[in-house]
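Below are the chains, spelled out letter by letter.
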Amino acid sequence: MRYRINRRTGDRISEIGLGSAYLCGASMDEGVKALRTAYEGGINYFDLAAGNGRAFPMWGEALHDVRRNVIYQIHFGADYSRGEYGWSLELDTVKRSVERMLRELGTDYIDYGFIHCQDEAADWAAYRENGVYGYLLEMKHAGVVRHLGLSSHTPSVIRQILDDAPVDMLMFSVNPAYDYGQGEYANGGVDERSAVYRRCERDGIGISVMKPFSGGQLLDAARSPFRKALTIYQCIRYALDRPGVLTVLPGAQSAEEVRRLLAYCDQPGDALDYSAIGGFAPEEASGKCVYCNHCKPCPAGLDVGLINKYYDLALLGDGMAAEHYAGLARKAGDCVGCGHCDRRCPFGVRQSARMRAIATHFGG
Ligand code: SF4
Ligand code: SF4
């Protein structure tokens, strides 16, 4: 397992995490085995927006003895009073739900307390007016909540809440379908979604990824907007390549499904190449580097994707980007203009020209 650091909190977070939406479909025994397999495979980051409240005791049973080694993101606004998941902006309901989750998880603290599922500007107004945000802040002040999080599918709402609240982790729906305007949660255009990723990277806000397979749509050629199926490993790689992303949170219902996710760490580079989506990129995405490195190998030894990522972040005012760029062994100035990347890029990026611009910007 590889780990990434949340720069705002210092938490060391596994690239593969685990969502909980599907775990409630497992028996108690299967669920506990799945969670323990995840932990023993190096997964330390768990989202707890479960599909049904019956999942929480599984976590309590599976992980209570290693609680200090794992990180939970818990949602203030997810309601399980009727068993199934429900969404609530009502303070007493939220309080009862959080108390129940803590009890059944067998813990007395929350690593990331989430402002839950804010998809409309009106949600955020109601969340504050009803006292739910105040309650979350009180819990943080009391030390029950260590850090603040936000979950949303909507870039415009994310932008507003990040302006208003000291969020350390964003849970965002990330996959190539949504980024290219396809699917149920394809909110915001290409540039608006890219701006979310880059702002988070610039400000050190980690992103935990929900819906990495677009609800399975991307894994099925008949339903995929790209008219061919991607693998779970290509989807995971795509999400992990977005700036700001720390961890991807697919679901699993059994130890076997968890082992399949863990196998991501052993996949060869070819198996992670998601450049097939380039053939279906919308007009507005054409000519924009997605950092996929499909254009490798560069005869001058440049890491084209990483150089482009640092450049884009520097243009956005990320102070760390120039520092990271300075640490690269081979820089844009080493480009020999062979044109290999121009010919190979499925996204229509004129990379050799871009390398000249990047070298000018960074001075080498
Ligand atoms: S230039 Fe094209 S192929 Fe190369 S990293 Fe960027 S998007 Fe991928
Ligand atoms: S044009 Fe430059 S960056 Fe692209 S492959 Fe050739 S040397 Fe590498």
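The rules behind these values
- Residues numbered from 1 in each chain as written.
- Chains lettered and ligands numbered in written order.
- Predicted model: local features only at pLDDT ≥ 70, side-chain atom pairs only at ≥ 80, totals over all residues.
- Near = placed C-beta within 6 Å.
- Helix = DSSP H or I, 4+ residues; strand = E, 2+ residues; numbered from the N terminus.
- Domains from an automatic or database assignment.
- Contact = placed C-beta atoms within 7 Å.
- Nonpolar A, V, L, I, M, F, W, Y, C, P; charged D, E, K, R; others polar.
- Core = buried A, V, L, I, M, F, W, Y, C linked by C-beta atoms within 7 Å.
- Buried ≥ 20, exposed ≤ 12 C-beta atoms within 10 Å, placed from the backbone.
- Axes fitted to C-alpha atoms, helices over the stretch in contact; angles between N-to-C directions.
- Parallel < 35°, antiparallel > 145°, perpendicular 65-115°, else oblique.
- Left-handed = near helix turned anticlockwise from the far one by under 90°.
- Expected span 1.5 Å × (residues − 1).
- Pairing = 2+ DSSP bridges.

Asker: Please give an account of the site of ligand 1 that cites residues and values.
Answerer: Taken together, 15 residues lie around ligand 1, and Cys 289, Cys 292, His 294, Cys 295 and Cys 345 are the ones closest in. Considering every element that reaches the shell around ligand 1, the biggest residue donor is helix α11 (residues 304-315), with 3 residues.

Asker: Describe the domain arrangement of the protein chain, with residues and values.
Answerer: Reports often express the size of an interface as the amount of accessible area lost when the parts come together. Domain boundaries assigned for the protein chain yield domain 1 (3-268) and domain 2 (287-362). A separation of 31 Å is found between the C-alpha centroids of domain 1 and domain 2. Counting residues at the interface gives 5 residues for domain 1 and 8 residues for domain 2. Looking at which element gives the most residues to the side of domain 1 that touches domain 2, the answer is helix α8 (residues 190-203), with 3 residues. Here the side of domain 1 that touches domain 2 is built from residues that sort into 1 nonpolar, no polar and 4 charged.

Asker: Can you tell me about the site of ligand 2, naming the residues and giving the values?
Answerer: Among the 15 residues in the neighbourhood of ligand 2, the closest are listed as Cys 298, Cys 335, Cys 338, Cys 341 and Ser 352. Secondary structure elements with two or more residues in the shell around ligand 2: α13 (340-344) and α14 (351-362). Tallied by class, the residues present in the shell around ligand 2 amount to 10 nonpolar, 5 polar and no charged.

Asker: Run through the nonpolar core, naming residues and quoting values.
Answerer: Counting 107 residues, the largest nonpolar core has Ala 34, Ile 115, Leu 170, Val 209 and Ala 239 as the members making the most contacts within it. Among the domains, domain 1 (3-268) and domain 2 (287-362) are the pair contributing at least three residues each to this core.

Asker: Run through the packing of helix α6 (residues 155-164) against α8, naming residues and quoting values.
Answerer: At a minimum axis separation of 9 Å, α6 and α8 run at an interaxial angle of 30 degrees. As far as their axial angle goes, α8 and α6 are roughly parallel. Considering how the two elements wind past one another, α6 and α8 form a crossing that is left-handed. Across from Pro 155, Ile 158 and Leu 162 in α6, the residues of α8 making contact are Glu 192, Arg 193, Ala 195, Val 196 and Arg 199. Looking at side-chain class alone, the contact of α6 with α8 contains 5 nonpolar, no polar and 3 charged residues.

Asker: Report on α11, specifying residues and quantitative values.
Answerer: Its 12 residues give α11 an end-to-end C-alpha distance of 17 Å, which sits within 8% of 16 Å, the value for a rise of 1.5 Å per residue. Counting buried positions along α11 gives 9 out of 12 residues, so the element sits mostly inside the fold. Among the residues of α11, those classed as buried are Val 304, Ile 307, Asn 308, Lys 309, Tyr 310, Tyr 311, Asp 312, Leu 313 and Ala 314. In the core, the buried residues of α11 are packed alongside α8, α12 (319-326), α13 and α14. Phi turns positive one or two residues past the end of α11, at Gly 317, with a value near 95 degrees.

Asker: Residues and numbers for α14, please.
Answerer: An α-helix turns once every 3.6 residues. As a result, residues three or four positions apart point the same way. With 12 residues, α14 extends 16 Å between its outermost C-alpha atoms, agreeing within 8% with the 16 Å of an ideal straight helix rising 1.5 Å per residue. Residues of α14 that are buried make contact with α11 and α13.

Asker: Which residues make up unusual backbone geometry, and what are the values?
Answerer: Cis geometry marks the peptide bond from Lys 296 to Pro 297, where omega comes out at 0 degrees. Counting through the fold element by element, Pro 297 comes out in the loop between α10 (255-262) and α11. Backbone geometry places Lys 211, a non-glycine residue, at a positive phi of 55 degrees. With respect to the helices and strands, the residue Lys 211 is situated in the loop between β10 (206-210) and α9 (232-241). For Lys 211, a count of 28 C-beta atoms within 10 Å puts it in the buried group. Positive phi values are uncommon outside glycine, yet Tyr 291 reaches one of about 65 degrees. When you line up the elements, Tyr 291 lands in the loop between α10 and α11. Take Tyr 291: there are 18 C-beta atoms within 10 Å of it, and that puts it in the partly exposed class.

Asker: For the environment of Leu 150, give the residues involved together with the corresponding values.
Answerer: By secondary structure assignment, the location of Leu 150 is in strand β8 (residues 145-152). We classify Leu 150 as buried; it has 23 C-beta atoms within 10 Å. Along the chain, Leu 150 and Glu 84 lie 66 residues apart, while their C-alpha atoms are 21 Å from each other. Filtering out sequence-adjacent residues up to four positions away, Leu 150 remains in contact with Phe 114, Ile 115, Gln 118, Ile 158, Ile 161, Val 167 and Leu 170.

Asker: Go over the sheet that holds β10 with me, naming the residues and quoting the values.
Answerer: Taken in spatial order, the 7 strands make up an open sheet running β3-β4-β7-β8-β9-β10-β11, and their pairing is parallel. For this open sheet the edge positions go to β3 (45-47) and β11 (245-248), each flanked by a neighbour on one side alone. Averaged over all pairs of adjacent strands, the angle between their axes in this sheet comes to 30 degrees, without regard to strand direction. Pairing of β3 with strand β4 (residues 71-76), which is carried by 3 bridges, proceeds in the parallel orientation. Residue pairing in the sheet places Tyr 45 in a bridge with Ile 71 of β4. The sheet contacts of α9 involve β10 and β11, and relative to β11 the element is tilted by about 155 degrees.

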